[in-house]
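Notes for the structure review
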Amino acid sequence: MQVVIIGSGNIATVLGRLMFKNGHRIMQVWSRTEANATILAKQLEADAITDIAQIDQGADLYLLAVTDSAMAETAAKLVLKDQLVVHTAGAVSKDILQYTSTRYGVLWPMKMIRKTMTAIDPASVVIDGNTTAVINQITALAHGFSHLVTSADDATRSKMHLLAAITANFPNHLYHLAADYCAAQHIDFSLFYPIIADTARQIQTAHPREVQAGPAFRDDITTLQKHEALLQDYPGLLKVYEVMSESIRKKFNV
């Protein structure tokens with residue numbers, strides 16, 4: 001498959017490398033920034049361009065991997081007739097591509113992707129398309145990135161994007177706050193890696209309600225108050241602790 005990559009960020013870089021590794025020919029890499037286009041194009045043995053009007057009209061696939069805020073503006077500048085055009089955003093409708101081509105869809109890797117990655121599996125890849133044939137083609141492409149591929153329409157994918165933030169971004173922020181507290185208290189944060197990994201492992205075979213533990217779950221007011229006292233000098237973390245503890249208590253009616 002001959003591919004044009006539109007973008008040069010994390011997703012464009014990693015998916016571009018994977019497609020190149022899987023035997024696809026990357027024809028061009030477009031970016032607003034010449035240096036970024038050149039760096040990625042060199043890795044993929046492609047031509048680097050900064051003028052969107054120079055995009056080759058004869059590719060089999062156009063992968064639109066720019067920021068969500070730039071997606072609609074960039075798509076509006078593309079007129080590709082019948083070629084397959086796919087964007088990579090979880091919270092953007094596939095229909096922003098309806099005037100770009102007659103064949104369009106979405107390929108969204110549900111993962112926090114960084115340029116240093118050489119693979120994205122394990123990861124759920126969520127796809128959609130404007131026709132059954134397009135969905136089938138994008139599905140085949142997605143299986144080159146991950147063994148877990150699922151289809152979801154715009155409404156469902158938006159909810160999945162919300163849940164990705166709740167289940168991945170929010171816990172990571174909690175880890176960030178905890179790591180900062182550890183540094184301030186001279187505690188080795190790596191000591192908590194096993195309990196973090198074990199919790200993630202348990203919820204893969206049991207509902208999270210069966211895994212819940214801790215003083216809020218037990219309605220252990222004495223321990224909750226002790227914890228809050230330890231956080232008096234950390235008002236941000238204290239607020240999070242109070243909100244999360246109250247949410248747990250309400251969920252379990254304690």
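Higher on the page you've got the structure.
Here the residue numbering is sequential within each chain, running from 1 through the sequence in written order. Where totals are concerned, whole chains, interfaces and linings use all residues; where local detail is concerned, this predicted model gives features only for residues with pLDDT of at least 70, and gives and counts side-chain atom pairs only at 80 or more. Note: side-chain values were computed over all heavy atoms of the structure, leaving out hydrogens and water.

So, the packing of helix 9 (residues 221-230) against helix 10 (residues 235-251)
What counts is decided by this rule: Every axis in this analysis is a line fitted to C-alpha atoms, fitted for helices over the stretch in contact. Angles between the N-to-C directions lie between 0 and 180 degrees. The helix count covers DSSP runs of H or I at least four residues long, the strand count covers runs of E at least two residues long, and both are numbered beginning at the N terminus. By definition in this entry, angles of less than 35 degrees are roughly parallel, angles greater than 145 are roughly antiparallel, angles of 65 to 115 are roughly perpendicular, and the rest are oblique. Whether a crossing is left-handed or right-handed is set by the direction in which the near helix is turned from the far one by less than a right angle, anticlockwise for left-handed and clockwise for right-handed. We call two residues in contact whenever any of their non-hydrogen atoms come within 4.5 Å of each other.
Closest axis-to-axis distance for the helix 9/helix 10 pair is 10 Å, and the angle between their directions is 165 degrees. In terms of their interaxial angle, helix 9 and helix 10 are classed as roughly antiparallel. As for the relative orientation of helix 9 and helix 10, their crossing is right-handed in sense. Contacts between helix 9 and helix 10 involve I221, L224, H227 and E228 from the first element and L238, Y241, E242, S245 and R249 from the second.

Some points on a nonpolar patch on the surface
Under the convention used in this document: Any residue with relative accessible area above 30% and no salt bridge may belong to a patch, with like charges joined within 9 Å and the nonpolar Val, Leu, Ile, Met, Phe, Trp and Tyr side chains within 5 Å. Here the open area of atoms and residues is found with the Shrake-Rupley method and a 1.4 Å probe, where only the protein chains shown may cover a residue. Throughout this description, the term salt bridge denotes a Lys or Arg side-chain nitrogen within 4 Å of a carboxyl oxygen of Asp or Glu. Exposure is judged per residue with a 1.4 Å probe applied to protein chains only, and the accessible area is read against the type maximum: over 50% gives exposed, under 20% gives buried, and values in between give partly exposed.
Taken together, the side chains of L162, L163, I166 and F170 define a hydrophobic patch exposed on the protein surface, amounting to about 390 Å² of accessible area. Here L163 lies in helix 5 (residues 154-185). Given a relative accessible area of 46%, L163 falls into the partly exposed group.

Observations concerning the packing of aromatic side chains
Each aromatic ring pair is summarised here by two numbers: the centre-to-centre distance and the angle between the ring planes. Applicable threshold: Stacked, tilted and edge-to-face are the three classes applied to pairs of Phe, Tyr and Trp rings, where Trp contributes its six-membered ring and a pair requires centres within 6.5 Å; stacked means planes under 30 degrees apart, edge-to-face means over 60, and tilted covers the rest.
Under the defined criterion, the tally for this structure stands at four aromatic pairs. Measuring from centroid to centroid gives 6.4 Å for F189 and F192, while their planes differ by 35 degrees, and the two rings are tilted. In this structure F192 comes out as partly exposed when scored by relative accessible area, which is 35%. On the numbers, 4.9 Å between centres and 90 degrees between planes, the contact of F217 with F252 is edge-to-face. Of the two residues, F217 is situated in helix 8 (residues 215-218) and F252 in the segment after helix 10; the sequence distance between them amounts to 35 residues. Classification of F252 by relative accessible area gives partly exposed; the value is 26%. What links up through ring pairs into an aromatic cluster is the set F189, F192 and Y193.

With respect to unusual backbone geometry
The omega torsion across D121 and P122 is 10 degrees, close enough to zero to call that bond cis. With respect to the helices and strands, the residue P122 is situated in the loop between strand 6 (103-110) and strand 7 (124-129). We note that D219 has phi near 55 degrees; this positive angle belongs to a residue other than glycine. Its place among the elements puts D219 in the loop between helix 8 and helix 9. Owing to a relative accessible area of 29%, D219 belongs among the partly exposed residues under this scheme.

Focus: the packing of helix 5 against helix 10
Relative orientation of the contacting elements helix 5 and helix 10 amounts to 130 degrees, with a least axis distance of 11 Å. When the axes of helix 5 and helix 10 are compared, the pair comes out oblique. Handedness of the crossing formed by helix 5 with helix 10: left-handed. Between helix 5 and helix 10, the residues in contact are L174, L177 and Y181 and L237, V240 and M244, respectively.

Describing the pairing of strand 4 (residues 61-64)
Here is the rule: By definition, two strands form a pair when at least two bridges between them are found by DSSP. Assignment of crossover handedness uses the view with strands pointing away from the viewer, where a clockwise path from the first strand over the helix to the second indicates a right-handed crossover.
Alternating positions in strand 4 separate into two faces, L61 and L63 on one and Y62 and L64 on the other, with burial throughout. The pairing of strand 1 (residues 2-6) with strand 4 spans four bridges and is classified as parallel. If you follow V3 over to strand 4, its bridge partner there is L61. Assessed by its sense of winding, the connection that carries the chain from strand 4 through helix 3 (residues 68-76) to strand 5 (residues 84-87) is right-handed.

What to know about the pairing of strand 6
Consecutive side chains along a regular strand alternate between the two faces of the sheet. Burial analysis of strand 6 places six of its eight residues in the buried class, the great majority of the element. Relative to strand 6, strand 5 is paired through four bridges, and the arrangement is parallel. For V85, the partnering residue across the bridge sits in strand 6 and is Y104. Examined bridge by bridge, strand 6 and strand 7 share six bridges and lie antiparallel to one another. Within strand 7, the residue paired with P109 across the bridge is V125.

Quick look at the sheet that holds strand 2 (residues 25-30)
Strand order in the open sheet made by the eight strands is 3-2-1-4-5-6-7-8, with mixed pairing throughout. Because the sheet does not close on itself, it has two edges, and the strands there are strand 3 (47-49) and strand 8 (148-151). Recorded for the sheet is a direction-independent mean angle of 25 degrees between the axes of neighbouring strands. In terms of strand pairing, strand 2 meets strand 3 through three bridges, oriented parallel. When the sheet's bridge partners are listed, W30 is paired in strand 3 with I49. Here helix 4 (residues 132-142) sits on the sheet and contacts strand 4, strand 5, strand 6, strand 7 and strand 8; the angle it forms with strand 7, its principal contact strand, is near 160 degrees.

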